[in-house]
Amino acid sequence: MGFLKVEGLTKVYDNGVVALDNVSFTVERGEFLGVIGLSGSGKSTLLRCVNRLVEPSSGRVILDGIDVTALDVPSLRAERRRIGMVFQHFNLVKRKSVLVNVLTGSLARQGTIASVLGSFSAEDRAKAMQCLEIVGLADRARVRASELSGGQQQRVAIARSLMQGPDLLLADEPVASLDPATSHSVMDHLERANKELGQTILCNLHFLSLVRRYTTRVIALKGGELAFEGRPEEIDEDWFKRIYGEQAREVGIE
Ligand SMILES: Nc1ncnc2c1ncn2[C@@H]1O[C@H](COP(=O)(O)OP(=O)(O)OP(=O)(O)O)[C@@H](O)[C@H]1O
């Protein structure tokens, strides 16, 4: 049991900041796990340790029985093909077209180096167009990524992740810079990836209303330590204050 097992994960940055302190939790296949906590509580560090964009100082990350923390570089690269990532700042190649950005999701899958459109197969191009249709951006395929709005860019990032077809998707504050309507549209796409494609999702979120609406389970970090683990509806006022502090007030996104 346990598709993703995080065991005693600790990250101490070079400057001495303890960003994660002995964090352990398990995620089952198909869960949509929300990760919450104050700014600086370690949420991004946690997501980045799962695919070793940040190297953990100690502890283990076990994905589907494979100890990710013990892999050498080539094996890690192969394993990362199963792990998608959607970042807060979109992480697109801005001067490339929307379609090419989505196609790079297939590079993660195939491990090939192809930087020009011509080197992608017709099959891949058709699939990339399908992924763009899912996020409602097929008509923008030829436009440069830099010409899209923030919300559209985030949807391109999701299309790229659909193209990759990961087993595990790490979404690091995917709606942090988006308006409420666009936030819901992006979250709806993540929900479909979860429910219809069976992707297991770990998603950092600032708004509890989104956590309640979209996630199946939640963990909270406080000062790098695990402060809560449970269902979204269990986060009552008491828990809210324990996670965010006595002075905190909930602000929503409708
Ligand atoms: N590269 C780094 N070098 C040194 N310290 C870092 C680095 N990255 C993050 N930190 C520190 O580690 C702690 C956790 O940061 P992290 O970005 O994981 O928090 P977060 O919960 O994702 O915050 P936010 O919600 O603001 O994005 C913070 O104190 C931060 O200053």
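Below or above, wherever it landed, is the structure these notes cover. These numbers come from a predicted model, not from an experiment.

Remarks on the pattern of salt bridges
It is possible for side chains bearing opposite charge to pair when their charged atoms get close.
Here comes step 1: What the rule picks out here adds up to 16 salt bridges.
Here comes step 2: Note that E7 is salt-bridged to R60, the shortest N-O span being 3.1 Å. In this pair, E7 sits in strand β1 (residues 4-12) while R60 sits in strand β4 (residues 58-63), placing the two residues 53 residues apart along the sequence.
Here comes step 3: Several salt bridges converge on common partners, so that one network encompasses R29, D64, E79, R82 and D167.

Section: helix α1 (residues 43-50)
Here comes step 1: In terms of burial, α1 is largely enclosed, as six of its eight residues are buried.
Here comes step 2: Downstream of α1 by a residue or two, R52 has a phi angle that is positive, lying close to 60°.

Concerning the sheet that holds strand β5 (residues 66-67)
Here comes step 1: In spatial order, the strands read β2-β1-β4-β5; together these four strands make up an open sheet with antiparallel pairing. Each edge of the sheet is formed by a strand with only one pairing partner; in this case those strands are β2 (18-27) and β5.

Side note on the site of the ligand
Here comes step 1: Among the 14 residues in the neighbourhood of the ligand, the closest are listed as S39, G40, K43, S44 and T45.
Here comes step 2: S44 places a polar main-chain atom, nitrogen or oxygen, 2.8 Å from an oxygen atom of the ligand.
Here comes step 3: Relative to its free-state accessible area of 630 Å², the ligand is covered by the protein chains to the extent of 63%.
Here comes step 4: Broken down by element, the residue count for the shell around the ligand peaks at three residues, all from α1.
Here comes step 5: Among the residues forming the shell around the ligand, the class breakdown is four nonpolar, eight polar and two charged.

Section: the packing of helix α5 (residues 150-164) against helix α6 (residues 180-195)
Here comes step 1: At a minimum axis separation of 10 Å, α5 and α6 run at an interaxial angle of 5°. Considering their axes alone, α5 and α6 lie roughly parallel with respect to each other. Here G151, Q154, R155, I158 and L162 of α5 lie close against α6, whose contacting residues are T182, S185, V186, H189, L190 and A193.
Here comes step 2: Of the residues that constitute the contact of α5 with α6, the class distribution is five nonpolar, five polar and one charged.

Some thoughts on the sheet that holds strand β10 (residues 225-230)
Here comes step 1: With mixed pairing, the six strands of this open sheet are ordered in space as β6-β7-β8-β3-β9-β10. Only two strands of the sheet have a single neighbouring strand rather than two, namely β6 (83-86) and β10. Averaged over all pairs of adjacent strands, the angle between strand axes in this sheet comes to 20°, irrespective of strand direction.
Here comes step 2: Note: strand β3 (residues 32-36) against strand β8 (residues 200-204), four bridges, orientation parallel. Counted as the bridge partner of L33 is L202 from β8.
Here comes step 3: Along the sheet, α5 contacts β6 and β7 (168-172); its crossing angle with β6, the most-contacted strand, is approximately 175°.
Here comes step 4: Sheet contacts for α6: β3, β7 and β8; angle to β8, the most-contacted strand, approximately 155°.

Calculation rules
- Residues numbered from 1 in each chain as written.
- Predicted model: local features only at pLDDT ≥ 70, side-chain atom pairs only at ≥ 80, totals over all residues.
- Heavy atoms only, no water.
- Salt bridge = Lys/Arg side-chain N within 4 Å of Asp/Glu carboxyl O.
- Helix = DSSP H or I, 4+ residues; strand = E, 2+ residues; numbered from the N terminus.
- Buried < 20%, exposed > 50% of the residue type's maximum accessible area, 1.4 Å probe, protein only.
- Pairing = 2+ DSSP bridges.
- Near = heavy atom within 4 Å.
- Polar contact = N/O pair within 3.5 Å; in protein donor to acceptor, adjacent residues only side chain to side chain.
- Areas by Shrake-Rupley, 256 points an atom, 1.4 Å probe, with all protein chains shown as cover.
- Nonpolar A, V, L, I, M, F, W, Y, C, P; charged D, E, K, R; others polar.
- Axes fitted to C-alpha atoms, helices over the stretch in contact; angles between N-to-C directions.
- Parallel < 35°, antiparallel > 145°, perpendicular 65-115°, else oblique.
- Contact = heavy atoms within 4.5 Å.

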